[in-house]
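Report on the structure
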Amino acid sequence: MTLDKINPTKTKSWKKLKSLKSTVDLKTLFKNDNDRLKKYSISIDELYVDYSKNLIDDEILNLLINLSKECKLRDAIDKQFTGEKINETEDRAVLHTALRSFDKKSPFFEVLQKDRKKIKDFSDGIIDGTFSSSTGKKFTDIVNIGIGGSDLGPVMVVEALKYYKTDLNIHFVSNIDGDHVSEILKNLNPETTFFIIVSKTFTTQETITNALTIKEWLCEKLNEKAIKSHFAAVSTNLNAIKDFGINPKFVFPMYDFIGGRFSLWGTVGLSISLAIGYQNFEKLLKGANSMDLHFKNEPFEKNIPVILALISIWYNNFLDAESEAIIPYSEYLKYLPSYLQQAVMESNGKSVDRNGNFIKYQTGNIIWGGSGTNAQHAFFQLIHQGTKLIPCDFIGFKKSLYGNDDHHNKLLSNFIGQSEALLNGIGLDDVKTEMLISQESHDKMDKIAPFKVFEGNKPTTTILFNNLTPKSLGMLISMYEHKIFTQGIIWNIFSYDQWGVELGKKLAAKLLTEIQTGKIKKHDDSSTFLLKKTKITKN
Ligand code: F6P
């Protein structure tokens, strides 16, 4: 059974939402409704989500919830969790939720449980030295070779949870840029380094090129036999793994029902399990699973991913917002925005609907961001005073991991202060009063005051956890995954394919031959010139 194919713009709720004229003034809404925060916040476990500072009221929210119902969201959720082939263009189920389910009735439970055991045994073996190097040494460094979904999730999580780190140092090689791999290799001891090649297809140019370069390096520094003790591979392409010469003991399967950008929860997360130990890896899975159950079972009115997705649709399709900013107030989460760029933009950056027709409404959001407070000193000017509407997610933690209260209080005061400032802004009269109090001249006040006005009424959502733990991180990532799913369902697109990245791959392959042979074929003038210019530079 496939997903329903409903054009959202034809629903009653969409039409009503389009006809709403009044602008929402947050300050007035807070003043007029003492229950606003209570109504517009949800707590589960140690997570608190406050969406009261968004440009919504009861009428808008009710219509958005009706929209999700008219678009058959509940049915779609059920189909996803039970393993229906909702990735229709690739004829695949979408079961990353199964990777973190410990319920025996979950699809593929036994096979996935077997993988978990394999991840555990492997991680334990490398960490305690049972699996040693070709020269009998304990491994000290792990290099993950992969790109896109085979890189971004592990990179983000390993960085985010480095407080929980084992003795192993984890490195990531992704870019085809040879300087990337050279920079990583130059500081590594081949005798104590283990490499994991992660590629769902095992054909991705970047990953295979890097893997072959590294293989050559290892053979040169040690010998060919070392490959068997120094390489593992994670892939669906078992034949290609064999051809590469990977020890069958270190082969980890992947499945077509797990999309690359949703794969960190299984064998792709091997580097995570090595980085923080299997017990912590399992806590990450359990955190994600608790959010899965919340998403699956809660009514939409109190369902965090659904509410966040609907608010985002409100901005994207009705208030013409073009992007969303993700601002984690934790340096550990500095890679979260780039991880979410792939998850969100590769999933929902589509312009053909599930009927195969071109879409005449906006879909995928542009995601960007950076860690607070650094971001405040970089792009917050535009969020506060620019002309664009940029809804922001502020992600924070009540406690710091090292317990430095002085720093953490300052961090929290920025975390809360920024969303308050974005809400309230500051009007001309108040600016002038402030300037008078600081004894500025009247002339200067008249001239400068307009530039100091902050319009306010800028929307933010606050996502607050007690601590950054494997469990809370699991919940956070899963929350965004389900937000992506919900938006894709309502936009009537397929979120789990990525045909848009294929054209570039094909073109790069063609051009490579021209660059290698020097025989430049016919292109547009700009490309021909660049090809010739690169050739000259090379010679
Ligand atoms: O960038 C496109 C893409 O197909 C991603 O979806 C995927 O995560 C990445 O390439 C890597 O693919 P693979 O795991 O097959 O090497």
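Describing the pairing of strand β11 (residues 460-465)
Across the six residues that make up β11, a large majority, six, are buried. Here β11 shows a buried face lined by T460, T462 and L464 and a second buried face lined by T461, I463 and F465. Bridge count between strand β2 (residues 47-50) and β11: four bridges; the pairing is antiparallel. Looking across to β11, one finds that V49 is bridged to I463. Sheet analysis places strand β10 (residues 392-397) next to β11, joined by six bridges and oriented parallel. Within β11, the position partnered with F397 by the bridge is F465.

Things to note about the environment of V453
Tracing the sequence through the fold places V453 in the loop between α20 (442-448) and β11. You can call V453 partly exposed: its relative accessible area is 27%. C-alpha separation for the pair V453 and K432, spaced 21 residues apart in sequence, amounts to 9.5 Å. If we skip the residues at most four places from it in the chain, V453 touches Q385, I426, G427, L428 and V431.

Description of the site of the ligand
Of all residues adjacent to the ligand, which total 14 residues, the nearest are G149, S199, T201, T204 and E346. If the ligand stood free it would expose 400 Å²; the protein chains cover 87% of that surface. A majority-of-atoms criterion places the ligand in the largest pocket. Here the residues of the shell around the ligand are counted per class, giving two nonpolar, eight polar and four charged.

Cut-offs used in this document
- Residues numbered from 1 in each chain as written.
- Predicted model: local features only at pLDDT ≥ 70, side-chain atom pairs only at ≥ 80, totals over all residues.
- Heavy atoms only, no water.
- Buried < 20%, exposed > 50% of the residue type's maximum accessible area, 1.4 Å probe, protein only.
- Helix = DSSP H or I, 4+ residues; strand = E, 2+ residues; numbered from the N terminus.
- Pairing = 2+ DSSP bridges.
- Contact = heavy atoms within 4.5 Å.
- Near = heavy atom within 4 Å.
- Areas by Shrake-Rupley, 256 points an atom, 1.4 Å probe, with all protein chains shown as cover.
- 1 Å grid on protein atoms, 1.4 Å probe; cavity = no way out; pocket = protein on both sides within 12 Å on 5 of 7 lines; lining within 4 Å.
- Sits in = over half its atoms within 2 Å of the grid points.
- Nonpolar A, V, L, I, M, F, W, Y, C, P; charged D, E, K, R; others polar.

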